[in-house]
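A structural walkthrough
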Amino acid sequence: MLNDFFNGKMLRAATVLILFASLGGCATTPVQPWERGRLARWDMRWDPDPLQAAMNDHTHFSKEGSNGHIGAAGGGCGCN
Amino acid sequence: MSAAATLVPEAHAQTATSAEADAHVSYRFSEYDEDSLAPGPYFGDAQRYRVLSHQFQLATGVGSDAALNVSATHEVMSGSSPWYVAPGLDGRPIQVMSGATIRDHRTELRGSWTQGTGSSGGTTYSASYSAERDYHATAVGIEHSMPLNAALTLGFGGSFSHDLISPTDAVQFHRVQHEEKNTGSVFGSLAWIIDRSSVLQTGVQLNSEHGFLSDPYKLVTVGDELLSDLRPDTRTSAAWLVRYRHAFASPDAALHLDYRYAQDSWGVVSHTFEAAWYQSLPSRWELVPGLRYYSQQQARFYAPFFADPAAHNFYSSDYRLGTFGAISASLNLRKRIGSWEFSGGVERYHSATDYALGGADAAVPGVVSYTRVFIGLDYLLR
């Protein structure tokens, strides 16, 4: 399975995106700390409401066949 | 599988957000209500799951460069769930439900400690424990974020979970009595500050599960017999995620776009698209409409029922392993008054085999649709 993933289009797409991000991060003018006012907004966080995000993850995990996110995972559940 | 919340130190990529700014006490109450089974033929109680959840969280800075986050969740579950699928006289699958006697509760405790909360990155140590009458899970995790330059932040980490399964009424229904499974997970991510208004994050997560991965409560029709749900005792999976955030000055809003591709050794392949619009309104109101689309292709050993017992090593008619798609829409509203924030929202989730990308070959009579509502209260400590 992992061979399929690593040989597949998705890995190529991920690699291109990561390289693009890396090159972009080097090529563009850095955003200075005093220019990050908009980025610091509450609604610009990856998960603005962690409790709600946790409940969303838990619900979808319980009712769908696959999952995965960026970050450490918790334990499973006996969800039906 | 892992249940849960991501414990990522927030916003390292965006800014040097101080731990003090995140200090808050929060409460959420939610009601999750599944639709009755319809319109296909079924047998048993059509009233499906209902879950009432209470969540509490305390997040606070500790000293000048650390943060503590503790949370507790208590859920009460009741209703019936899909048990097995029987072939009807006309060949159509008939979903057989369990009785509506399931009543259980789940309590989860979770804590994390982040050392390093400024722009130089940090490390988060996390632990959680979840207990149900028939299921106990203990998990630990560690993750580290470090800036590579002014625009890029690298994140990586891993977690491990040990789960114990002890089904109720095991002797009466010939279920396994005591089983366990272990799950290991590693991930890496890269966050990129594109410009003053937008950020992008991409990452990969790899999971490996070993142990009892079947559902002890579900049966499968195999030929003329009813057998226990039987799945491989290992499962490896990989997921690739992309998240994009863009802030608008006018209108005062933020756009969230997320995509996830996931694939596992059982043959399940899924795509998830999410979009949300965080619209700020006068008088410190905020409106957040959201849309989500999910599509998965079935596991190799899924079928509503199996005609030939000799043709399969594994078999499951669990709807969660079938081919289906789901569309959900949500609407949340927030209001800030001083140090208090009130919130509420509703999500409508509808799934069907017709929604799957590429269509479905096999029937999945147990697919679930639900409505969820929540209310919340936050108090900002500083």
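Residues numbered from 1 in each chain as written. Chains lettered and ligands numbered in written order. Predicted model: local features only at pLDDT ≥ 70, side-chain atom pairs only at ≥ 80, totals over all residues. Heavy atoms only, no water.

**Considerations on the overall build of chain A**
Along its length, chain A carries three helices and zero strands. Mapped from its N terminus to its C terminus, chain A presents α and β elements in the order α-α-α. Across the 80 residues that make up chain A, the buried fraction comes to 55%. A total accessible area of about 3,500 Å² is found for chain A, and carbon and sulfur atoms account for 62% of it. (Helix = DSSP H or I, 4+ residues; strand = E, 2+ residues; numbered from the N terminus. Buried < 20%, exposed > 50% of the residue type's maximum accessible area, 1.4 Å probe, protein only. Areas by Shrake-Rupley, 256 points an atom, 1.4 Å probe, with all protein chains shown as cover.)

**Quick notes on the interface of chain B and chain A**
Interface size is commonly expressed as the accessible area that is lost once the parts come together. Every contact between the two is made by 111 residues of chain B and, on the other side, 63 residues of chain A. Around 7,900 Å² of area is buried between chain B and chain A when both sides are counted, 58% of it from carbon and sulfur atoms. Taken together, chain B and chain A are joined by seven salt bridges. Across the pair Arg196(B) and Glu35(A) runs a salt bridge, and its minimum N-O distance is 2.7 Å. On inspection of chain B and its partner chain A, the count reaches 26 residue pairs in polar contact (both at pLDDT 80 or more). Here the element with the most residues in the side of chain B that touches chain A is strand 15 (residues 234–248) of chain B; it accounts for 13 residues. In terms of residue class, the side of chain B that touches chain A is made up of 48 nonpolar, 37 polar and 26 charged. (Contact = heavy atoms within 4.5 Å. Buried area = accessible area lost by both parts, 1.4 Å probe. Salt bridge = Lys/Arg side-chain N within 4 Å of Asp/Glu carboxyl O. Polar contact = N/O pair within 3.5 Å; in protein donor to acceptor, adjacent residues only side chain to side chain. Nonpolar A, V, L, I, M, F, W, Y, C, P; charged D, E, K, R; others polar.)

**Section: unusual backbone geometry**
Residues and elements named next belong to chain B. Cis geometry is found at the peptide bond from serine 250 to proline 251, where omega equals 0°. The residue proline 251 is located in the loop between strand 15 and strand 16 (253–264) in this model. Look at serine 283: it is not a glycine, yet its phi comes out positive at around 65°. The topology assignment puts serine 283 in the loop between strand 17 (269–281) and strand 18 (285–297). Taking relative accessible area as the criterion, serine 283 reaches 53% and is therefore assigned exposed. Even without being a glycine, arginine 284 presents a positive backbone phi close to 65°.

**As for the confidence of the model for chain B**
Residue and element names in this part refer to chain B. Mean pLDDT over chain B works out to 90, with 93% of the residues at or above the 70 mark. Counted against residues more than four places away or in other chains, residues 1–20, with its pLDDT under 50, gives 80 contacts. Reported confidences for the modelled complex are a pTM of 0.90 and an ipTM of 0.90. (pLDDT = per-residue confidence, 0-100.)

**Let's talk about the packing of aromatic side chains**
Residue and element names in this part refer to chain B. For the coordinates displayed, the defined rule picks out 14 aromatic pairs over all chains. Chaining the aromatic ring pairs together yields one cluster made of Trp240, Tyr259, Phe273 and Tyr293. The ring of tyrosine 319 has arginine 48 lying over it, and the distance from NZ or CZ to the ring centre is 5.4 Å. Just above the ring of tryptophan 266 sits the side chain of arginine 235; from NZ or CZ to the centre is 4.2 Å. (Phe/Tyr/Trp six-rings, centres within 6.5 Å; stacked < 30°, edge-to-face > 60°. Lys NZ or Arg CZ within 6 Å of the ring centre and 35° of its normal.)

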